[in-house]
There are 2 protein chains.
Amino acid sequence: MLTYTLEKDRGQSLYISLYRHIRADIASGVLKAGDRLPSKRALAANLGVGVVTVETAYAQLIAEGYARAVERSGVYVCAIGDTARLTVAPLPPEPETPPQTPLLDLSGGGGEDVPFPFSVWVKTMRTVMAEQGQQILRPVDFRGAPELRRAISDHLYESRGMRVPSERIIVGAGNEHLYGLMVGLLGRQRIYAAEDPGYRKITEIYNANDVTLRHIPLDDAGLSVRELKKSGADIVHISPAHHYPTGIVMPIRRRNELLQWAYAQPERYILEDDYDSELRHSGTPVPPLFSMDSRERVLYLSTFSQTIAPSLRIAYVCLPGTLMERFCDTLGFYACAVPTFEQYTLARFISSGAYEKHLNRLRKRYRDKRERLMELVAESPLGKHCRILEAGAGTHFLLQLRSKLSDAELREAAKGRGLSVRFLSDYQSVPTDSGSMIFNYACLDLDRVPAALEILAELCRGEK
Amino acid sequence: MLTYTLEKDRGQSLYISLYRHIRADIASGVLKAGDRLPSKRALAANLGVGVVTVETAYAQLIAEGYARAVERSGVYVCAIGDTARLTVAPLPPEPETPPQTPLLDLSGGGGEDVPFPFSVWVKTMRTVMAEQGQQILRPVDFRGAPELRRAISDHLYESRGMRVPSERIIVGAGNEHLYGLMVGLLGRQRIYAAEDPGYRKITEIYNANDVTLRHIPLDDAGLSVRELKKSGADIVHISPAHHYPTGIVMPIRRRNELLQWAYAQPERYILEDDYDSELRHSGTPVPPLFSMDSRERVLYLSTFSQTIAPSLRIAYVCLPGTLMERFCDTLGFYACAVPTFEQYTLARFISSGAYEKHLNRLRKRYRDKRERLMELVAESPLGKHCRILEAGAGTHFLLQLRSKLSDAELREAAKGRGLSVRFLSDYQSVPTDSGSMIFNYACLDLDRVPAALEILAELCRGEK
């Protein structure tokens, strides 16, 4: 007769203890295939437990295939094949990753929070919770909640003069998610092209999606259409409104050339990535290619990461009619990847006017910050060693440094002095020394800038 | 001299009106490349507006490449290439999709809400908002918020006896999102296999990810390892805990065979999809392959869609150590796709014990509902025409019908009587008549069931 000491482990039932003991005996070979287990009544009496406990333990063993019941005969051990390991070592604690905080991070990390009307956002969340009730947990259309798509459609009209029907908008869990979806839509066998230099994540994401990606050089009007033609690419991913990191705004002539390139062949597409168009400091934002397109070849992508919070993970893409039909047919089975609650909250934040108000404040803040920064650069010892290149948009500019050191040498030397910096060459597919440092100021703490500029001036002069 | 009637359109500035008029004249050819625009002062006087208005309009035209400024000379029209369309037709309203509500949907849609302690969830949201403050909008680790991964790790230990360090867990925006990420991790060139019959979305998602997918038939122990070997697949996607739609629980012997299959070649992997393991009605859930695996070949996927809400879009995958390292190296650049706020809310919902309490209620409810349904089937005229096949898990069972009609004929006839039904054959890669109807009861309104069963009995008897 089987005899075990049963213990109630961490508040679990006795039958679990019994089930585990028997299972261990089967796994270790103490109980062999074909062995008959004791009758429930007999085992219960032997162990001093209720019959139900044994019954439940046997049922579990049977459910998992360790044993089988033979009618009017009993319960028999099954052959289980090679023994599986059923215990594991205790867990090591998750290592604390010490935050790597440089003295000053000019490359875009850390520092100040991006300003955001948090209290208004929380109030909007509360309103949505109260008004929508259980609706906040119900699934929405695969393209996203109609409320949010309508709010985006209105916002695009008000702020960019774009007319995009809400049923042509797809909401996704951030740009990264949408890039992948668009590869699925346009075809993984096609040849893609991206700007060089360019935002590195774009290259990483196309690589992770296993598509062929060509890097196309820029001239002073942005992506070279001549080079694009030579590349053999079918689809080009560009940021004509404000290229990162050069800051180039693509002029109308080049935009038209690019559209003509797309029209010259069927199935050529332009993925217009308008990641920071809301942050133009002067004038209205440049009209997007999407609005200029008369033949359904432009996809327009934008995100709320830059203006609300990167952690919100809401981006959207506007599709031409034919591509939206194709999306419904081939990818419409995907559920919308953004939680319903976040969609309602954002929809209300936009339609209440709070978003526009926030954008106006944000633009003013970045404009002021940029102006103050330029003064700081001009006043600093670095002023004599550099030139500022910028296009009045976004949250960065370029500092063209005069220095005998290479980009890599400067980066290393800066790191040694507690500064984290990046250069134009960090964004090139084949880095060539540029002397152009990217100056990201969105999160920059201005009080620390003068000291940083002095250090950079010393480094440019070749002092260590 | 240019003369326009400027109007403040929808509250926008005068300069926008002026900019649009000039832009239209350039686009239409009225103003030609090389034309010099009037001086700012002269045009301002002519139009009766301030000099700043003209200056801002010119700046916008220059920023977009419609014009260029020549120092000490003036502003000149640029060549813009082929004219781009800048106006579009007004928007049609979004068509209202009329909800297609059948009298009774046995295929898994509509009907009752899945029970959920909404008020507890909302209270948890409020607590997180109050306690975490602006933290709810900050980005988290690419694998997900440590708080959530720890809560999942503890839950897996308490409920499944699984020991998974939280740093081996990746949080994703739903299963669909994670399936795609795992293809990126394991390789798009590999051959994948899935169960046949099986959950249709799995096939759709692998197809959308452009991988080769083989369909592997089942026997009564689940996926056939013999057929898997013949298929040449490297990676198999299975639901051993409770297969959909057959309800098969894979016995331990087949689990060991499957592990041996994986161990026989390097880079063979098992994707264990435990989509509804929380909903087992009796006994403890079957131990997952992940816990049996001694050679880092099993990935364990689960989701909160089944137990909290499909719209929450939070799923997770547990990776073996080597695969987690590979993920960090190759896909660690992706930001976590789930909003931070939802992650904190779910973490707290789990760690406070509310999730476990909810699961217990949910299991009891489904158990009661299943029992009542079986009584209803037995009492109904259909009782004589069918047999119930089920494994005491999940929220569905199979009704094996005796009828002269084919699955397709029955489906059509049922539709004509207001019933939406699906058959086992609907989940096969090559449908063959099964007579096995899937009875999804999670959302079913029991009051409507007797009438539906009468209709089905009539149809089985060949009455229309």
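Residues numbered from 1 in each chain as written. Chains lettered and ligands numbered in written order. Predicted model: local features only at pLDDT ≥ 70, side-chain atom pairs only at ≥ 80, totals over all residues. Heavy atoms only, no water.

Each helix and strand in chain A was counted, giving 15 helices and 16 strands. In terms of overall size, chain A is more extended than a compact globule, its C-alpha atoms giving a radius of gyration of 31 Å where 464 residues would be expected to give roughly 23 Å. Its C-alpha atoms give chain A principal-axis dimensions of about 95 × 60 × 50 Å. Across the 464 residues in chain A, those meeting the buried criterion constitute 57%. Across chain A, contacts joining residues at least 24 apart in sequence account for 70% of those joining residues at least 6 apart. A total of about 19300 Å² of accessible surface is found on chain A, and carbon and sulfur atoms cover 49% of it. For chain A, the distance from the average site of its 58 positive side-chain charges to the average site of its 56 negative ones is 2 Å. (Helix = DSSP H or I, 4+ residues; strand = E, 2+ residues; numbered from the N terminus. Rg over C-alpha atoms; globule rule 2.2 N^0.38 Å. Buried < 20%, exposed > 50% of the residue type's maximum accessible area, 1.4 Å probe, protein only. Contact = heavy atoms within 4.5 Å. Areas by Shrake-Rupley, 256 points an atom, 1.4 Å probe, with all protein chains shown as cover. Lys, Arg positive; Asp, Glu negative; His and termini not counted. Charge placed at Lys NZ, Arg CZ, Asp CG, Glu CD.)

Residues and elements named next belong to chain A. Inspection of the secondary structure puts Q343 in helix α12 (residues 340-351). By relative accessible area, Q343 is classed as buried at 0%. Separated by 2.7 Å, the side chain of Q343 and the backbone nitrogen of A145 make a polar contact. If near-sequence neighbours (up to four positions away) are discounted, Q343 is found in contact with V140, G144, A145, L148, V171, C336 and V338. (Polar contact = N/O pair within 3.5 Å; in protein donor to acceptor, adjacent residues only side chain to side chain.)

Time to look at the environment of B:L453. All names here are of chain B. Summarising the element assignment, L453 is placed in helix α15 (residues 449-460). A relative accessible area of 1% places L453 in the buried class. For the pair L453 and S380, spaced 73 residues apart in sequence, the C-alpha to C-alpha distance is 6.5 Å. Residues contacting L453, with those up to four places away along its chain left out, are L376, V377, S380, L382 and F439.

Residues A:I22, A:I270, A:I308, B:I22, B:I270 and B:I308 are the most contacted members of the largest nonpolar core, which totals 166 residues. When neighbours within four sequence positions are excluded, A:I270 is seen to be in contact with A:V236, A:I238, A:L258, A:L259, A:W261, A:A262, A:L289, A:R297, A:V298 and A:L299. Membership of the second largest hydrophobic core comes to 60 residues, among which are A:M182, B:L186, B:I202 and B:L299. (Core = buried A, V, L, I, M, F, W, Y, C linked by side-chain atoms within 4.5 Å.)

So, on to the confidence of the model for chain A. Regions with low pLDDT carry predicted coordinates that are not meant to be interpreted in detail. All names here are of chain A. On average, residues of chain A carry a pLDDT of 87, and 91% of them reach 70 or more. Predicted confidence in chain A is weakest over strand β3 (residues 104-105), with a mean pLDDT of 76, and strongest over strand β8 (residues 235-238), with 98. Note on residues 84-95: pLDDT under 50 across the span, and 25 contacts to partners over four residues away in sequence or across chains. Across the assembled chains, the prediction reports ipTM 0.81 with pTM 0.82. (pLDDT = per-residue confidence, 0-100.)

Enumeration over the complete set of coordinates arrives at 38 salt bridges over all chains. With a shortest N-O distance of 4.0 Å, B:D445 and B:R448 are connected by a salt bridge. A relative accessible area of 26% means that B:D445 is categorised as partly exposed. Exposure remark for B:R448: the relative accessible area of 41% places this residue in the partly exposed category. Each of A:R190, A:D234, A:E267 and A:R326 takes part in a single network of salt bridges with overlapping partners. (Salt bridge = Lys/Arg side-chain N within 4 Å of Asp/Glu carboxyl O.)

As assigned here, chain A comprises domain 1 (14-77), domain 2 (104-114 + 363-460) and domain 3 (118-356). If you average the C-alpha positions of domain 1 of chain A and of domain 3 of chain A, the two centres end up 59 Å apart. (Domains from an automatic or database assignment.)

On to the sheet that holds strand β10 (residues 298-303) of chain B. All names here are of chain B. The eight strands lie next to each other as β4-β11-β10-β9-β8-β5-β6-β7, forming an open sheet whose pairing is mixed. Edge strands, defined here as strands with exactly one partner in the open sheet, are β4 (169-172) and β7 (222-223). Relative to β7, strand β6 (residues 212-219) runs antiparallel, the two being bridged by two bridges. If you follow L218 over to β7, its bridge partner there is L223. Strand contacts of helix α11 (residues 321-331): β4, β9 (269-273) and β10, with the helix running at about 50° to β4, the strand carrying the most contacts. (Pairing = 2+ DSSP bridges. Axes fitted to C-alpha atoms, helices over the stretch in contact; angles between N-to-C directions.)

On to unusual backbone geometry, then. Between A:Y244 and A:P245 the backbone carries a cis peptide bond, its omega angle lying at 5°. Relative to the assigned elements, A:P245 resides in the loop between β8 and α9 (252-263). With omega at 5°, the peptide bond leading from B:D196 into B:P197 counts as cis. Within the secondary structure layout, B:P197 lies in the loop between β5 (191-196) and α7 (200-208). Its identity as a non-glycine residue notwithstanding, A:D210 has a phi of 60°, on the positive side. In this structure, A:D210 sits in the loop between α7 (200-208) and β6 (212-219). A relative accessible area of 36% means that A:D210 is categorised as partly exposed. Backbone geometry at B:E296 places phi at a positive 60°, although glycine is not the residue there. Along the polypeptide, B:E296 turns up in the loop between α10 (289-292) and β10. Judged by relative accessible area, B:E296 falls into the partly exposed class, the value being 29%.

Turning next to the packing of aromatic side chains. In total, this model carries 31 aromatic pairs over all chains according to the counting rule given. Ring geometry for A:F304 and A:Y316: centres 5.6 Å apart, planes at 45°, overall tilted. Taken as a pair, A:F304 in the loop between β10 (298-303) and β11 (315-318) and A:Y316 in strand β11 lie far apart in primary sequence, 12 residues in all. A single burial state applies to A:F304 and to A:Y316, both of which are buried. An angle of 40° between the planes, with centres 5.9 Å apart, marks the rings of A:F341 and B:F341 as tilted. With A:F341 in helix α12 and B:F341 in helix α12 (residues 340-351), the pair connects residues from two separate chains. Among the residues examined, A:F341 registers a relative accessible area of 2% and is labelled buried. (Phe/Tyr/Trp six-rings, centres within 6.5 Å; stacked < 30°, edge-to-face > 60°.)

A word on the pairing of strand β8 (residues 235-238) of chain B. Residues and elements named next belong to chain B. Where burial is concerned, the two faces of β8 agree: the one with I235 and H237 and the one with V236 and I238 are both buried. In the sheet, β5 pairs with β8 via three bridges, with the strands oriented parallel. Counted as the bridge partner of A194 is H237 from β8. With four bridges joining them, β8 and β9 adopt parallel strand pairing. Residue pairing for β9: V236 is matched across the bridge by I270.

This part covers the sheet that holds strand β15 (residues 422-423) of chain A. Residues and elements named next belong to chain A. On the basis of which strands lie adjacent, the open sheet formed by four strands has the order β12-β13-β16-β15 and antiparallel pairing. The sheet terminates laterally at β12 (386-389) and β15, the two strands that pair on one side only. As judged from the five bridges shared by strand β13 (residues 396-401) and strand β16 (residues 436-440), these two strands associate in the antiparallel manner. Paired with H396 across the bridge in β16 is N440.

As a further point, take the packing of helix α6 (residues 175-186) of chain B against α7(B). Two quantities define a packed helix pair, namely the angle between the helix axes and the distance between the axes. Residues and elements named next belong to chain B. Running from N to C, α6 and α7 point in directions that differ by 45°, and their axes come no closer than 10 Å. By the criterion of interaxial angle, the relationship of α6 to α7 is oblique. Considering how the two elements wind past one another, α6 and α7 form a crossing that is right-handed. Contacts between α6 and α7 involve E176, Y179 and V183 from the former and K201, I202, I205 and Y206 from the latter. Looking at the contact of α6 with α7 residue by residue, the classes come out as five nonpolar, no polar and two charged. (Parallel < 35°, antiparallel > 145°, perpendicular 65-115°, else oblique. Left-handed = near helix turned anticlockwise from the far one by under 90°. Nonpolar A, V, L, I, M, F, W, Y, C, P; charged D, E, K, R; others polar.)

The subject of this paragraph is the pairing of strand β1 (residues 67-70) of chain B. Each regular strand shows side chains that alternate between the opposite faces of the sheet. All names here are of chain B. When β1 meets strand β2 (residues 74-77), the two strands line up antiparallel, connected through four bridges. Directly across from V70, in β2, lies its bridge partner G74. The antiparallel hairpin formed by β1 and β2 contains three residues in its connecting segment, where R72 sits at a positive phi of about 55°.

Moving on to the side chain of A:Q428. All names here are of chain A. When you line up the elements, Q428 lands in the loop between β15 and β16. A polar atom in the side chain of Q428 sits 2.8 Å from the backbone nitrogen of T432. Filtering out sequence-adjacent residues up to four positions away, Q428 remains in contact with D196 and P197.

Attention now goes to helix α6 (residues 175-186) of chain A. Residues and elements named next belong to chain A. If you check α6, its first and last C-alpha atoms are 16 Å apart, about what 12 residues at 1.5 Å a residue would give, namely 16 Å. When you tally the buried positions in α6, you get 11 out of 12 residues, the bulk of the element. Of all the residues in α6, the buried ones are N175, E176, H177, L178, Y179, G180, L181, M182, V183, L185 and L186. Looking one or two places after α6, you find G187, whose phi comes out positive at around 115°. (Expected span 1.5 Å × (residues − 1).)

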